[in-house]
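# Coordinate inspection notes
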Amino acid sequence: MIAIFLRIAPLALFLSGCASVPVAAPPAAADAPTLSEQTAFAEDLTKRTFAYFWETTDTQRCLAPDRWPSNPFSSIAATGFALNAYGIGAERGYVSREDAAQRTLDCLEFYWNAPQGPAAEGVSGHKGFFYHFLKNEDGTRFGNTELSTVDTALLMGGVLFSQSYFDRDNPTEAAIRDLAEKIYSRVDWTFVQRENSAIPSANGGSGKAIAMGWYPERGDNGDFGTHDWVGYNEGMLVYILAAGSPTHPIGKDAWDTGWAADLEKDWGSYYGYEHLQFEPLFGHQYSHVWVDFRGIQDVFMRGKGIDYFENSRRATLSQRAYGADNPNDWVGYSGDLWGWTASDGPTAAGNGREVNGSARTFMGYSARGVSAERVVDDGTIVPTAAGGSIPFAPEVTLPALMNMRAAYGDRLYTQYGFKDAFNPSYVFVDEGSRSGTVDTQFGWVARDHLGIDQGPILSMMENHRSELVWRTMRKNPHVRRGLERLGFTGGWLERTDP
């Protein structure tokens, strides 16, 4: 449940610091990559990132790791991205279609049979939803994590992709389609509407908005926390899948009084690009992994004369412009080295230091990002920020990723593609970092890959290359139904053959 952190994030990240340490910028970008170089890089990155999901996801219980190699628990959102990966791998010929189908069937069987119920322990979910994190040992709830609506939606994205991708007339693929229908239809989206809770929402929930999470131990009937999916964020997919449900659909009033209730307040201009503001790029990416928003519009976007795809393109370009401008004078930023979203960071202890003459604060895992509303930036650059935006602006995202690889080599780019993040300004070897390694020349590089950051890189690269996920999901009746019920029209929705 990432969005909670965003609207309460501090505006600046500066503290009084210790003595300055000289730092060296990463190597400058080489000449712009040629088309053949970009094509070769795209294939290499796709293959490596696919291998991450294929090789690290537990085959017995289909528990994709939240992070690797530390692997403290599984993430259901990462599992949704893993399901996408299986189809992509089959399409690319990395694995056989038969092997991908069997892995997918085993995965869906696990989630269909995983225990559900209102208990606080020993279950994987409730009312068709799943807990944010699951134990690696048995796939039941990890700690006190919430029953997560957005992470369940990301899992369901992978489930419905599998349903539409595996369309052949054989027992394995027929079983995939049947289980996908059962898993999706079991989710009771009306259960998580705010009207079911007596606790008012802290961020403007109206009584119809969908809550971000549910906690079984908070009272006799559980508790929905204090935040709803209201305003522009990654929760768009939650409402689309909730509206498309054949069994427990929400009404359009949930969209009108929830997520889309007051989008105008999020509209603004940043570095000359007018768009809905949301600092970290994951908010502009996650729903787009599964939904092709090109040419389709709801009421708000019809009024603006653009679509949500164009909105995400502008958000991406504004981030790149911030990197080129580098107003806060971090080390290494440029038009070819940029990108901010939720990620690991060098330290959660603060550790005020001085970089380029200014006192700084560094963070651990945080929702980094830049917008007209606020800037949350501690010098950490996140590959998935550019990687998850590849289809929106390939002319700037692909060169940025290639420059990251060229500048950092195998410190950053490994057998599984990009590690989660790096920070050229954090060269403080005396402090070190529990989350990565520190070098006096190159700065900090994360230890782990994160599943929810690997997933957008792989799926959006494939959408850029072949539109596979988009083409597949345009055929899914539940996605089409959800969009139409929320008032989307135009583009592929007007065609009988999507």
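See above for the structure.
Quick caveat: nothing in here was measured; it's all calculated off a predicted structure.

## A word on the overall build of the chain
Counting its regular elements, the chain contains 15 helices and 21 strands. In terms of overall size, the chain behaves like a compact globule, its C-alpha atoms giving a radius of gyration of 22 Å where 498 residues would be expected to give roughly 23 Å. Along the first, second and third principal axes, the C-alpha atoms of the chain reach 60 × 50 × 50 Å. Considering only intrachain contacts with a sequence separation of at least 6, the fraction spanning at least 24 residues in the chain is 71%. Only carbon and sulfur atoms are counted for the fraction: they give 49% of the accessible area of the chain, which is about 17100 Å². Separation between the mean location of the 43 positive side-chain charges and that of the 61 negative ones in the chain comes to 2 Å.

## A closer look at the side chain of Thr-56
For Thr-56, the location among the structural elements is in helix α1 (residues 35–56). Here Tyr-52 takes part through its backbone oxygen, which lies 2.6 Å from a polar atom of the side chain of Thr-56. The contact partners of Thr-56, leaving out residues within four places of it in the chain, are Ala-51, Pro-65, Trp-68 and Tyr-416.

## Digging into the sheet that holds strand β7 (residues 213–214)
Read from one edge to the other, the open sheet built from four strands follows the order β3-β4-β6-β7, with strand pairing classed as antiparallel. This sheet does not close on itself; its edge strands, each paired only once, are β3 (125–126) and β7. Sheet topology places β3 next to strand β4 (residues 129–131); two bridges connect them, and they run antiparallel. Of the residues in β4, the one forming a bridge with Gly-125 is Phe-130.

## What to know about the packing of aromatic side chains
This structure, assessed with the given rule, holds 41 aromatic pairs. With a centroid separation of 5.6 Å and 15° between ring planes, the pair formed by Phe-161 and Tyr-165 is classed as stacked. Taken together, the residues span about one helical turn, with Phe-161 and Tyr-165 both in helix α4 (residues 149–165) at a distance of four residues. Relative accessible area serves as the criterion here: at 0%, Phe-161 is assigned to the buried category. The class for Tyr-165 is buried, based on a relative accessible area of 7%. Between Phe-309 and Trp-470, the ring centres sit 6.2 Å apart and the planes meet at 75°, which makes this aromatic pair edge-to-face.

## Quick word on the pattern of salt bridges
The tally for this structure, following the rule as stated, stands at 29 salt bridges. A salt bridge links Arg-294 to Glu-467, with the shortest nitrogen-to-oxygen separation between them at 3.1 Å. Linking Arg-294 in the loop between α8 (286–290) and α9 (299–304) with Glu-467 in the loop between α13 (451–465) and α14 (468–474), this pair joins segments that are 173 residues apart in sequence. When the shortest N-O distance is used, the salt bridge between Glu-431 and Arg-353 registers 3.5 Å. Within this pair, whereas Glu-431 is found in the loop between β18 (422–423) and β19 (436–439), its partner Arg-353 is found in strand β11 (residues 350–355), the two being separated by 78 residues in sequence. On the basis of relative accessibility, which here comes to 7%, the residue Arg-353 falls in the buried class. It is possible to trace a salt-bridge network through shared partners that takes in Asp-66, Arg-67, Asp-344, Arg-447 and Asp-448.

## Quick look at the environment of Thr-496
Counting through the fold element by element, Thr-496 comes out in the segment after α15 (477–485). Among the residues examined, Thr-496 registers a relative accessible area of 84% and is labelled exposed.

## Examining the packing of α4 against helix α6 (residues 236–243)
A packed helix pair is summarised by two numbers, namely the angle formed by the two axes and the spacing between the axes. Taken N-terminus to C-terminus, the directions of α4 and α6 make an angle of 60°; their axes are 9 Å apart at the nearest point. The handedness of the crossing between α4 and α6 comes out as left-handed. Residues Thr-149, Val-150, Ala-153, Leu-154, Met-156, Gly-157 and Leu-160 of α4 lie in contact with α6, whose contacting residues are Leu-237, Val-238 and Leu-241. Its residues assigned to classes, the contact of α4 with α6 comprises eight nonpolar, two polar and no charged.

## Considerations on the packing of helix α2 (residues 76–92) against helix α3 (residues 97–113)
With their axes 8 Å apart at the nearest point, α2 and α3 run at an angle of 160° to one another. With respect to α3, the element α2 is oriented roughly antiparallel. Pair α2 / α3 crosses with left-handed handedness. In this structure, α2 uses Thr-79, Leu-83, Tyr-86 and Ala-90 to contact α3, whose residues at the interface are Arg-97, Ala-100, Arg-103, Thr-104, Cys-107, Leu-108 and Tyr-111. For the contact of α2 with α3, the per-class residue count stands at seven nonpolar, two polar and two charged.

## What to know about the pairing of β11
Taken residue by residue, a regular strand's side chains alternate between the two faces of the sheet. Pairing between β11 and strand β12 (residues 358–362): four bridges, direction antiparallel. Within β12, the position partnered with Arg-353 by the bridge is Arg-360. The hairpin turn running from β11 into β12, its antiparallel successor, is two residues long, and Asn-356 in that turn takes a positive phi close to 50°.

## Notes on the environment of Asp-325
Summarising the element assignment, Asp-325 is placed in helix α10 (residues 308–325). Sequence separation between Asp-325 and Gly-335 is 10 residues; the distance between their C-alpha atoms is 8.0 Å.

## Some thoughts on the nonpolar core
Formed by 108 residues in total, the largest nonpolar core has its most connected members in Tyr-111, Trp-189, Tyr-239, Phe-293, Tyr-308, Leu-483 and Phe-488. When residues in this core are grouped by element, the largest group, 10 residues, is from α2. Of all hydrophobic cores here, the second largest spans 45 residues; its members include Ala-42, Ala-385, Val-396 and Ala-400.

## Observations regarding α13
Helix length check: α13 (15 residues) gives 21 Å between terminal C-alpha atoms against 21 Å at 1.5 Å per residue, within 8%. Across the 15 residues of α13, 13 count as buried, placing the element largely inside the fold. Among the residues trailing α13, Glu-467 stands out with phi positive, at a value near 60°.

Parameters and conventions
Residues numbered from 1 in each chain as written. Predicted model: local features only at pLDDT ≥ 70, side-chain atom pairs only at ≥ 80, totals over all residues. Heavy atoms only, no water. Helix = DSSP H or I, 4+ residues; strand = E, 2+ residues; numbered from the N terminus. Rg over C-alpha atoms; globule rule 2.2 N^0.38 Å. Contact = heavy atoms within 4.5 Å. Areas by Shrake-Rupley, 256 points an atom, 1.4 Å probe, with all protein chains shown as cover. Lys, Arg positive; Asp, Glu negative; His and termini not counted. Charge placed at Lys NZ, Arg CZ, Asp CG, Glu CD. Polar contact = N/O pair within 3.5 Å; in protein donor to acceptor, adjacent residues only side chain to side chain. Pairing = 2+ DSSP bridges. Phe/Tyr/Trp six-rings, centres within 6.5 Å; stacked < 30°, edge-to-face > 60°. Buried < 20%, exposed > 50% of the residue type's maximum accessible area, 1.4 Å probe, protein only. Salt bridge = Lys/Arg side-chain N within 4 Å of Asp/Glu carboxyl O. Axes fitted to C-alpha atoms, helices over the stretch in contact; angles between N-to-C directions. Left-handed = near helix turned anticlockwise from the far one by under 90°. Nonpolar A, V, L, I, M, F, W, Y, C, P; charged D, E, K, R; others polar. Parallel < 35°, antiparallel > 145°, perpendicular 65-115°, else oblique. Core = buried A, V, L, I, M, F, W, Y, C linked by side-chain atoms within 4.5 Å. Expected span 1.5 Å × (residues − 1).

It is worth stressing that arrangement in space is one thing and function is another; only the former is reported here.
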